[in-house]
Amino acid sequence: MTKKQQKPTDGETMQGRIRTGHRFVERGLAERDRIACKRFLDGSEAAAYLLYDDDHWDGVGILPEAQEVGNVNYLAINIQTKVASVAIGDPDFYVNCGESDAESADIVKRFLRDLWKSRFWARVCRKALLKRSISGMGIVAFLWHDEIGPVLEHVRAKDLAIDPNVVDWHHPKWGARRIRMARADAETRYPKYQEFFQGPSHDIPNLDEPAPMSRDNLELWCYWDATTEAVLYGQTVLESGPNLYGCVPLLFLEGDIAPESEFSLGDYDSATQLQDMLARLQSQINNQAENGGAIGWYNPALLDDSSKDAFTQGRPQEFVAVTAGAEETFGFITGEPMAQSLMEAFRIAQQGLDSVTGVTEFQRGVLNQNVKFATEAALMANQSGARGNQARIEYEQFLDSIARAVVDMVVRFGPSMMVEQDPNDLGLMDALQSVQDICVLESSTSYKDPASEMQSSLQLLQAMMPFVQAGLVNALPLLTDVFRAFGKRDVQKYLVAQGAQNGPAAQGASPGPPAPGGMSPPGQSSSGPAPALPPQSINPAATDGSDAVTARAV
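Cut-offs used in this document
All residue numbers refer to position in the chain's written sequence, counted from 1. Only residues with pLDDT of at least 70 are given local features in this predicted model, and only at 80 or more are side-chain atom pairs given and counted; all residues enter the totals for whole chains, interfaces and linings. Remark: hydrogens and water are excluded; side-chain values derive from all non-hydrogen atoms of the structure. Each helix is a run of H or I in the DSSP string that is no shorter than four residues. Each strand is a run of E no shorter than two, and both are numbered from the N terminus. Think of it in three bands: residues with accessible area under 20% of the maximum for their type are buried, residues over 50% are exposed, and the middle band is partly exposed, with areas taken using a 1.4 Å probe on protein chains only. Working rule for contacts: check all heavy atoms of both residues, and any pair within 4.5 Å makes them a contact. For every accessible area listed, the method is Shrake-Rupley and the probe measures 1.4 Å; residues are considered covered only by the protein chains on display. Only strands joined by at least two bridges in the DSSP assignment are considered to pair. Note on method: axes are straight lines fitted to C-alpha atoms, helices fitted across the in-contact stretch only, with angles between N-to-C directions ranging 0 to 180 degrees. Working definition of a nonpolar core: buried Ala, Val, Leu, Ile, Met, Phe, Trp, Tyr and Cys residues. They are joined through side-chain atoms within 4.5 Å. Within 6.5 Å between ring centres, the rings of Phe, Tyr and Trp (the latter by its six-membered ring) count as paired, and their orientation is classed by plane angle as stacked under 30 degrees, edge-to-face over 60, tilted in between. Criterion for a salt bridge: a side-chain nitrogen of Lys or Arg within 4 Å of a carboxyl oxygen of Asp or Glu. Angles are sorted into four bins: roughly parallel if under 35 degrees, roughly antiparallel if over 145, roughly perpendicular if 65 to 115, and oblique for all others. Amino acid classes used here: Ala, Val, Leu, Ile, Met, Phe, Trp, Tyr, Cys and Pro are nonpolar; Asp, Glu, Lys and Arg are charged; the rest, including Gly, are polar. A 3.5 Å cut-off defines polar contacts: any pair of N or O atoms within that distance qualifies, except that in protein one atom must be a possible hydrogen donor and the other a possible acceptor, and neighbouring residues in sequence count only when both atoms are side-chain atoms.

### Some remarks on the overall build of the chain
Right, on to step 1. Within the chain one finds 16 helices and 14 strands.
Right, on to step 2. Counting only residues that meet the buried cut, the chain has 41% of its 554 residues in that class.
Right, on to step 3. Long-range contacts, defined here as pairs at least 24 residues apart, represent 74% of the contacts in the chain between residues at least 6 apart.
Right, on to step 4. Element-wise, carbon and sulfur atoms account for 54% of the exposed surface of the chain, whose accessible area totals about 30700 Å².

### Remarks on the pairing of strand S5 (residues 174–182)
Right, on to step 1. Where burial is concerned, most of S5 is hidden: seven out of the nine residues are buried.
Right, on to step 2. Pairing of strand S4 (residues 160–162) with S5, which is carried by three bridges, proceeds in the antiparallel orientation. Note on S5: the bridge partner recorded for Ala-161 is Ala-176.
Right, on to step 3. Note that S5 and strand S6 (residues 217–225) share nine bridges and pair antiparallel. Looking at the pairing, Ala-176 lines up with Tyr-223 of S6.

### Comments concerning the sheet that holds strand S9 (residues 250–254)
Right, on to step 1. On the basis of which strands lie adjacent, the open sheet formed by three strands has the order S3-S2-S9 and antiparallel pairing. Of all strands in the sheet, those bounded by a partner on one side alone are strand S3 (149–154) and S9. Sheet twist, expressed as the mean angle between neighbouring strand axes with direction ignored, is 25°.
Right, on to step 2. The pairing of strand S2 (residues 137–145) with S3 spans six bridges and is classified as antiparallel. Of the residues in S3, the one forming a bridge with Trp-144 is Pro-150.

### Overview of the nonpolar core
Right, on to step 1. Ranked by size, the top nonpolar core spans 94 residues in total, and within it Leu-112, Trp-116, Leu-220 and Ile-402 carry the most contacts.
Right, on to step 2. Ignoring anything within four residues of it in the chain, the contact list for Leu-112 reads Phe-93, Ala-403, Val-406, Val-407 and Ile-438.
Right, on to step 3. In terms of nonpolar packing, the next biggest core, distinct from the first, is built from nine residues, Met-14, Ile-18, Ala-176 and Leu-232 among them.

### Concerning the packing of aromatic side chains
Right, on to step 1. Applying the stated rule across the entire model yields 11 aromatic pairs.
Right, on to step 2. A centroid spacing of 5.8 Å and a plane angle of 40° characterise the contact between Trp-169 and Phe-263, whose relative ring orientation is tilted. Of this pair, Trp-169 sits in the loop between S4 and S5 while Phe-263 sits in the loop between S9 and helix H8 (267–291), and the two are 94 residues apart along the sequence. As far as the burial class goes, Trp-169 and Phe-263 line up, both buried.
Right, on to step 3. Each ring, one from Tyr-245 and one from Phe-413, has its centre 5.7 Å from the other, and the planes form 90°; the classification is edge-to-face. Of this pair, Tyr-245 sits in the loop between strand S8 (236–242) and S9 while Phe-413 sits in helix H12 (residues 386–413), and the two are 168 residues apart along the sequence.

### Overview of the pattern of salt bridges
Right, on to step 1. In this structure the tally under the stated criterion is 20 salt bridges.
Right, on to step 2. With a shortest N-O distance of 2.8 Å, Glu-31 and Arg-34 are connected by a salt bridge. Here Arg-34 and Glu-31 lie together in helix H1 (residues 11–42), a separation of three residues that amounts to about one turn.
Right, on to step 3. Linking Arg-392 and Glu-442 is a salt bridge whose minimum nitrogen-to-oxygen distance equals 3.6 Å. Of this pair, Arg-392 sits in helix H12 while Glu-442 sits in the loop between strand S12 (437–440) and helix H14 (450–469); the two residues are 50 residues apart in sequence, bridging distant segments of the chain.
Right, on to step 4. Relative accessible area serves as the criterion here: at 9%, Arg-392 is assigned to the buried category.

### Let's talk about the sheet that holds strand S7 (residues 228–233)
Right, on to step 1. Here we have five strands laid out as an open sheet, ordered S4-S5-S6-S7-S8, and antiparallel in their pairing. Two strands close off the open sheet at either side, each with one partner strand: S4 and S8. Direction aside, neighbouring strands of the sheet carry axes that sit 20° apart on average.
Right, on to step 2. Strand direction decides the pairing type here: S7 and S8, joined by six bridges, are antiparallel. When the sheet's bridge partners are listed, Thr-228 is paired in S8 with Pro-242.

### A closer look at the packing of helix H4 (residues 102–118) against helix H13 (residues 423–433)
Right, on to step 1. In contact at an axis separation of 9 Å, H4 and H13 are set at 100° when each is read in the N-to-C sense. What the angle tells us is that H4 and H13 run roughly perpendicular. Only Leu-428, Ala-431 and Leu-432 of H13 make contact with H4, whose side of the interface consists of Ser-104, Ile-107, Val-108 and Phe-111.
Right, on to step 2. Its residues assigned to classes, the contact of H4 with H13 comprises six nonpolar, one polar and no charged.

### Quick notes on the side chain of Glu-396
Right, on to step 1. In this structure, Glu-396 sits in helix H12.
Right, on to step 2. At 2.7 Å, the side chain of Glu-396 and the backbone nitrogen of Ser-443 are in polar contact.
Right, on to step 3. Sequence-distant contacts of Glu-396, defined by excluding residues within four places in its chain, comprise Val-440, Leu-441, Glu-442, Ser-443, Ser-444 and Thr-445.

### Section: the side chain of Ser-444
Right, on to step 1. For Ser-444, the location among the structural elements is in the loop between S12 and H14.
Right, on to step 2. Residue class for Ser-444 comes out buried when judged on its relative accessible area of 12%.
Right, on to step 3. Within the structure, the side chain of Ser-444 is placed 3.2 Å from the backbone nitrogen of Asp-92, a separation counted as a polar contact.
Right, on to step 4. A distance of 2.8 Å separates the side chain of Ser-444 from the backbone oxygen of Leu-441, its partner in a polar contact.
Right, on to step 5. Apart from the residues lying within four places of it in its own chain, the contact partners of Ser-444 are Asp-90, Pro-91, Asp-92 and Glu-396.

### Structural notes on the environment of Ser-270
Right, on to step 1. The residue Ser-270 is located in helix H8 in this model.
Right, on to step 2. Residue class for Ser-270 comes out partly exposed when judged on its relative accessible area of 42%.
Right, on to step 3. In the structure, Ser-270 is positioned 87 residues away from Thr-357 in sequence and 8.8 Å away in space, judged by C-alpha atoms.

### Focus on the pairing of S3
If a strand is regular, its side chains alternate between the two faces of the sheet.
Right, on to step 1. With six of six residues buried, S3 is to be regarded as a mostly interior element.
Right, on to step 2. The antiparallel hairpin formed by S2 and S3 contains three residues in its connecting segment.

### Some thoughts on unusual backbone geometry
Right, on to step 1. Despite not being glycine, Phe-120 shows a phi value in the positive range, around 55°.
Right, on to step 2. Note that Phe-120 resides in the loop between H4 and helix H5 (121–135).
Right, on to step 3. Backbone geometry places Ser-443, a non-glycine residue, at a positive phi of 65°.
Right, on to step 4. You can see Ser-443 is positioned in the loop between S12 and H14.

Quick look at the structure:
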């Protein structure tokens, strides 16, 4: 059954969709994101109050200085702690290119690891994870740049327009994002529309940011659907063409399920009331600590001016002169002890906040000298509960989608950047085209205790030694893991060269059972050296790709 061919989307339809989709996001995700980010800095319900209070609006918003001194924002600390425990490192990948093509899998694996490290993609993905915890949705755009290749960019909720009827966030029908471009760059990129860029910007300055957008910058919208990719400025379509991605190049990291809304929930939606309670209890504790002690008082009507100044400035170092009897001139009020129920309520509220966010005091680095039972010791070693493991697994699945999108982009658009007949480029493309499955290794992005790494590597080497002696296991990867666990990065200087190993055999000595797979250094195989990565023409270290706008493949 033949499918009906879809026609390219016209400019009027794209403009209407962007307006509708942006309004849909503004009334849901973007509004909640603004309030949650302000609470992230303030730690109380004052942020939501001042968001719409014109009498207290200063054009800047709530800054960290608005938080009362000594009033700790435990919810923000828990979110930052959980994000750090989940996404503290660069991911490592498992690549399957077929049972007989291990060399291609190693090429793709090294290529992806090099991209994540050289372009700091871990920071972009970490920002999406932080947004997921705060407001319920992290957004990343994957793009292809004609000069530098694959690019990942974080998308703010306020700069998103999405189909209001979206059902599956992994496959939206259409979507758009707002970008900012210097006026001079826009005139150079779109010379036919220079007259549209000459006048003042019609957009209202955004007072929700520390500084309004400069008049030298323009706001453009990049639009994608199943057939069309376009760039719009106001009512003008600057560029339009077929969507070579084959999909909307936006990936979403969703939070907890929200049955009543199209958008997911973050930790701030479910734990804000607990944080507000902690803030109020903390204020009471601070007030008790500041004013619950002995309070000195004096009667100013009985003192002369110099003595008044001494008492006002808190330095009555000598005897002061009084104009009447000293019975009611000055004195002290006995301090009140701290209520034990107040401290117990604070402890219960803090434990409730920890249980909601899935963070423990041990993860925050709190030292506890109490005796630990075996179960408590195991929990400390694990350093994460069910919610922490859930956040890590969902984050790794999100990175799986990004890795697949990057591989697909290089396969689609990479030939336009390849140097003709370059063996490195050809080897990389052949390896990428042979990928059958790719995923992030479990816990590769989270923190690993060096002592635990040393112990596990030594135990694995000891357990595998009988198999190594029988010639069933290659000992080189095991030895390499042991050296790296002990912090030795230059492993090659500790290993015997291949020629030295084969020397006794060449002289007639018994070489012993051969190890399957050879004993060549990492990055090489018995069939010869692997192609260098990345190719010079697709070098991921060229730039960060912040100026990527569209994916026009040449």
